[in-house]
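Geometric and topological summary
The chain contents come next:
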Amino acid sequence: MSDTRALLAALRDGGDIAQAAFSEFATGLADHSVSDAQAGAFAMAALLKGLTREQRVALTLAMRDSGDVLSWQLDRPVLDKHSTGGIGDCVSLLLAPALAACGAAVPMVSGRGLGHTGGTLDKLEAIPGFKTGLNESEFKSIVAKSHLAIVSASANIAPADKRLYAIRDVTATVESLDLITASILSKKLAAGLGSLVLDVKTGSGAFMKTLDDSRALAKSLVKTANAAGCRTSALITDMSQPLVPSLGNALEIAEVMRALKDPRKTPLLDTSAALGGVVLADAGLSENAQSGAEAILTAVQSGAAAEAFGRMVHAQGGPVQFLENWQRFLPEANNIRELRAPEAGYISAYEGERLGLAVVHLGGGRSVETDKIDPAVGLTDLLPLGTYVNKGDPIARIHASREDQATQAATEVFGSITIGAKPEIPPLIYERIS
């Protein structure tokens, strides 16, 4: 590409870069006329020099437009939610059907597990027959009829981002705030959204460990998405402990089904309601975030969200009777081992990343892209922070396919849990960025 050298020089020297230059660069990423060396140079320059707000928006739009951009002709607002990733984080699976029950269309393009965090698609594929790889026609048809579908991104969604992400992974530039922002939003905006809510996690189980880093990412995402034409807000939420007491694909589906069928006040439901309230208000489906949160709670408590979830499962190839008989459809591990407290005290801290990696090593996640997922394995019955335990009390259960895996996981889980003085419990939601 003839202008790539000029773009790299301008980025290196802090010069002005036109939207057209970013568009040509994104096209070159997608069709490989931009070399790996040039893509790597761009990523490193963006990391070291940074992008202006205008350049970040231009890059996001250029990567969005490097492939298909969906459009919708529906009688309801098109909404979505995105999480930056955590452990025991199955909010999407509860919130998406609740939003559909509140009058929204939710075409959720989601992802797989990344590092120590679980992936929504992997969790859904624990349901027998559930198909996440829909073509555009199938995707649009299901959203039109059921108002909800959760799918993987097609190869034609933001192909420039796929190329640049692979380059970032091998050039130590994954941490660039500007490139993280453009990567997340190029895929989300390609889904043709009217409004978006972002769940930016902070704490030991998140990618962003500190509140300052999470706030910086939230502000970057919100400013960029709004400047790109999508009404967007973010909540910074806690990930110093799992959001539900289970980690693992089928095990987290079970948590969602219990929340849908027997709703009660839990961190999962409270977080879902808060996020849903924000995006319903932004989309004009509620007067404000508080009334929107109440609408989400009503949708779950009335059973309307459960019905929407059941329709989605059936429409995407899952069992017709999954909603009524979900327990008999989900796979179960062969070896279940109970872990007991080695001493008395309070559950005072979780090393969230290590806890998530314990599930990966059980086979519930991927160390490399080609690893096959075991949907049945994971952890259950994890205690919330601040719980007092006596020596010998149960503190978790390991679900493994083999005894040796359970033994290894036990060492990792014990190493990730601190028992000691009574901790200060962090807030579930820190702040809203609009």
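The paragraphs below set out a description of the structure included in this document. Keep in mind that what you see is a predicted model, and the values were worked out from it rather than measured.

1. What to know about helix H10 (residues 211-227)
Helix length check: H10 (17 residues) gives 24 Å between terminal C-alpha atoms against 24 Å at 1.5 Å per residue, within 8%. By the burial criterion, the buried members of H10 are Ser 214, Leu 217, Ala 218, Ser 220, Leu 221, Val 222, Thr 224 and Ala 225. Looking at the buried side of H10, the elements it contacts are helix H4 (53-64), helix H9 (177-189), strand E4 (195-202), strand E5 (231-238) and strand E12 (429-433). In the segment just after H10, Gly 229 is the residue with positive phi, at about 100°.

2. A few points about the nonpolar core
Residues Leu 124, Ile 127, Ile 150, Phe 309, Phe 322 and Ile 398 are the most contacted members of the largest nonpolar core, which totals 82 residues. When residues no more than four places from it in sequence are discounted, the contact partners of Ile 127 are Ile 253, Phe 309, Val 313, Pro 319, Phe 322 and Leu 330. Counting residues in hydrophobic clusters, the runner-up holds 33 residues, among them Phe 139, Ile 184, Leu 193 and Leu 217.

3. Remarks on the pairing of E4
With eight of its eight residues buried, E4 lies for the most part within the structure. Across the two faces of E4 the burial is the same, with Ser 195, Val 197, Asp 199 and Lys 201 and Leu 196, Leu 198, Val 200 and Thr 202 all buried. Taken together, the five bridges between strand E1 (residues 79-83) and E4 define a ladder with parallel strand orientation. The residue of E4 that forms the bridge with Ser 83 is Asp 199. In this structure, E4 lies alongside E5, joined through eight bridges in parallel fashion. Within E5, the residue paired with Leu 198 across the bridge is Ala 234.

4. Some remarks on the pattern of salt bridges
Any two side chains of opposite charge can pair, on the condition that their charged atoms come close. Across all of its chains, the model carries 25 salt bridges by this definition. With its nearest N and O atoms 2.9 Å apart, the salt bridge here joins Glu 353 to Lys 209. Of this pair, Glu 353 sits in helix H16 (residues 352-364) while Lys 209 sits in the loop between E4 and H10; the two residues are 144 residues apart in sequence, bridging distant segments of the chain. Within this structure, Glu 338, Arg 340, Asp 381 and Arg 397 form a network of salt bridges that share partners.

5. Description of unusual backbone geometry
The phi angle at His 147 is positive, at roughly 65°, despite the residue not being glycine. Among the structural elements, His 147 can be located in the loop between helix H7 (136-146) and strand E3 (148-152). One non-glycine residue, Ala 158, lies in the positive phi region at around 45°. Mapped onto the secondary structure, Ala 158 falls in the loop between E3 and helix H8 (159-170). The exposure class of Ala 158 is buried, given its relative accessible area of 1%.

6. Examining the pairing of strand E11 (residues 417-420)
Here E11 shows a clear split, with Ile 417 and Ile 419 buried on one side and none of Thr 418 and Gly 420 buried on the other. Bridge count between strand E7 (residues 345-350) and E11: four bridges; the pairing is antiparallel. Residue Ala 349 lies in a different strand from E11, and its bridge partner there is Thr 418.

7. Focus on the sheet that holds E11
Strands sit in the order E9-E7-E11 across an open sheet of three strands; the sheet is antiparallel. Of all the strands in the sheet, the pair left with one neighbour each is strand E9 (388-389) and E11.

The rules behind these values
Residues numbered from 1 in each chain as written. Predicted model: local features only at pLDDT ≥ 70, side-chain atom pairs only at ≥ 80, totals over all residues. Heavy atoms only, no water. Helix = DSSP H or I, 4+ residues; strand = E, 2+ residues; numbered from the N terminus. Expected span 1.5 Å × (residues − 1). Buried < 20%, exposed > 50% of the residue type's maximum accessible area, 1.4 Å probe, protein only. Contact = heavy atoms within 4.5 Å. Core = buried A, V, L, I, M, F, W, Y, C linked by side-chain atoms within 4.5 Å. Pairing = 2+ DSSP bridges. Salt bridge = Lys/Arg side-chain N within 4 Å of Asp/Glu carboxyl O.

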